[in-house]
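# Working through the structure, step by step
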Amino acid sequence: MSRPKRLQVASLVALVFAVGTSLATAQLPTYGVGRPPTTEEVQAWDLTTPPDGRGLPPGSGTAVLGQAVYAERCAACHGETGEDPNYSRLVGGHGTLATDKPIQTIGSFWQYAPTLWSYIRRAQPFDNPGSLTAGQVYAVTAYLLHRNGIIGEQDVLDAKTLPLVKMPNHDGFMPDPRPDVGQAWK
């Protein structure tokens with residue numbers, strides 16, 4: 001490459017760097033609309049529950065109570081019993097993960113009951129996510145765990161008992177040997 005050509009390339013790189021740096025440090029415009037969220041609002045949006053159940057809200061439910069909620073809010077996407085292969089299956093699949101045709105369900109694949117509760121709370125029902133009360137989520141979770149043979153029909157799930165539920169695939173995942181990247185941000 002000739003000297004003038006190298007000078008042009010170097011100038012272009014410097015210009016791109018200068019523009020990129022000034023854009024990165026520039027503050028986005030404000031429009032005088034809205035306000036910063038309060039601490040309480042941020043906490044209300046933090047809906048993720050870790051595997052140990054930390055942060056589960058008050059409420060409780062049983063499989064008997066959850067059956068009605070499931071029929072009304074869940075069966076349209078998962079079928080009447082949660083095991084029909086024509087729908088997104090939630091029940092069954094025990095012992096299939098190591099086969100040629102694994103069936104990933106709550107009873108065969110899910111690792112922790114509190115994270116199941118958290119998922120249902122945040123993402124279900126599909127047509128209105130987050131619309132179930134804490135009690136309804138405990139009840140639906142109990143119903144699905146019961147349908148998978150994990151808890152009894154009258155067992156009460158709440159913030160204390162849910163983390164104690166041992167899922168069939170609890171030990172089925174390989175631990176991640178990498179350091180916890182999330183800790184670097186704290």
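My aim in this report is to walk through the structure given alongside it, one point at a time. (Residues numbered from 1 in each chain as written. Predicted model: local features only at pLDDT ≥ 70, side-chain atom pairs only at ≥ 80, totals over all residues. Heavy atoms only, no water.)

### Description of the overall build of the protein
Going by this rule: Elements are defined by DSSP. Helices are runs of H or I of four residues or more, strands are runs of E of two residues or more, and each kind is numbered from the N terminus. Exposed residues in this analysis have more than 50% of their type's maximum accessible area, buried residues have under 20%, and partly exposed residues fall in between, with area computed by a 1.4 Å probe over protein chains only. Whether two residues are in contact is decided by their heavy atoms: any pair within 4.5 Å suffices. Methods summary: accessible areas were calculated by the Shrake-Rupley approach with a probe of 1.4 Å, and residue burial reflects only the protein chains presented.
Secondary structure summary: the protein contains six helices and two strands in total. Taking all 186 residues of the protein together, 27% fall into the buried category. For the protein, the proportion of contacts with a sequence separation of at least 24, taken over those separated by at least 6, is 58%. Per element, the accessible surface of the protein, about 12,900 Å² overall, is 59% carbon and sulfur.

### Let's talk about the pattern of salt bridges
Selection criterion: One speaks of a salt bridge when a side-chain nitrogen belonging to Lys or Arg is within 4 Å of a carboxyl oxygen belonging to Asp or Glu.
Taken as a whole, this structure holds four salt bridges when the rule is applied. Of the charged contacts in the structure, one is a salt bridge between arginine 54 and aspartate 52, with a shortest N-O distance of 3.3 Å. Owing to a relative accessible area of 46%, aspartate 52 belongs among the partly exposed residues under this scheme.

### Focus on unusual backbone geometry
Omega for the peptide link from glutamine 124 to proline 125 comes to -10°, which places this bond in the cis form. The residue proline 125 is located in the loop between helix 5 (113-123) and helix 6 (134-147) in this model.

### Some details on the packing of helix 3 (residues 63-73) against helix 6
Spelled out, the test is: Here an angle of 0 to 180 degrees is reported between the N-to-C directions of two axes, which are lines fitted to C-alpha atoms, with helices fitted over the stretch in contact. An angle counts as roughly parallel when it lies under 35 degrees, as roughly antiparallel when it exceeds 145, as roughly perpendicular when it falls between 65 and 115, and as oblique in every other case. When residue character is reported, Ala, Val, Leu, Ile, Met, Phe, Trp, Tyr, Cys and Pro are called nonpolar, Asp, Glu, Lys and Arg charged, and the others, Gly included, polar.
Two numbers describe how helix 3 lies on helix 6: the axes approach to 7 Å, and their chain directions differ by 100°. Between helix 3 and helix 6, the interaxial angle falls into the category roughly perpendicular. Contacts between helix 3 and helix 6 involve Ala63, Leu65, Gly66, Gln67, Val69 and Tyr70 on the former and, on the latter, Gln136, Ala139, Val140, Ala142, Tyr143, Leu144 and His146. In the contact of helix 3 with helix 6, the residues fall into nine nonpolar, four polar and no charged.

### Describing the side chain of asparagine 169
To keep things clear, this is the line we draw: Residues adjacent in sequence count toward polar contacts only when both atoms are side-chain atoms; beyond that, a polar contact is any pair of N or O atoms within 3.5 Å, and within protein one must be able to donate a hydrogen and the other to accept it.
Here asparagine 169 shows up in the segment after strand 2 (157-158). A distance of 3.0 Å separates a polar side-chain atom of asparagine 169 from the backbone oxygen of phenylalanine 109. Look past the residues within four positions of asparagine 169 in its chain and what remains in contact with it is Leu97, Ser108, Phe109, Trp110 and Gln111.

### Focus: helix 6
Threshold: The span you would expect from a helix comes to 1.5 Å times its residue count less one.
The first and last C-alpha atoms of helix 6 sit 20 Å apart over 14 residues, in line with the 20 Å expected at 1.5 Å per residue. Where helix 6 is buried, its residues contact strand 1 (60-61), helix 3, helix 5 and strand 2. One or two steps after helix 6, the chain reaches glycine 149, where phi turns positive at roughly 75°.

### Points about the packing of aromatic side chains
The criterion, for reference: Working definition: a ring pair exists when centres of Phe, Tyr or Trp rings (six-membered ring for Trp) sit within 6.5 Å. Plane angles under 30 degrees give stacked, over 60 give edge-to-face, the rest tilted.
With the rule as written, the count across this model stands at four aromatic pairs. Measuring from centroid to centroid gives 5.3 Å for phenylalanine 109 and phenylalanine 173, while their planes differ by 65°, and the two rings are edge-to-face. Pair noted here: phenylalanine 109 is in the loop between helix 4 (75-78) and helix 5 and phenylalanine 173 is in the segment after strand 2, with a separation of 64 residues, a long-range link. A relative accessible area of 30% means that phenylalanine 109 is categorised as partly exposed.

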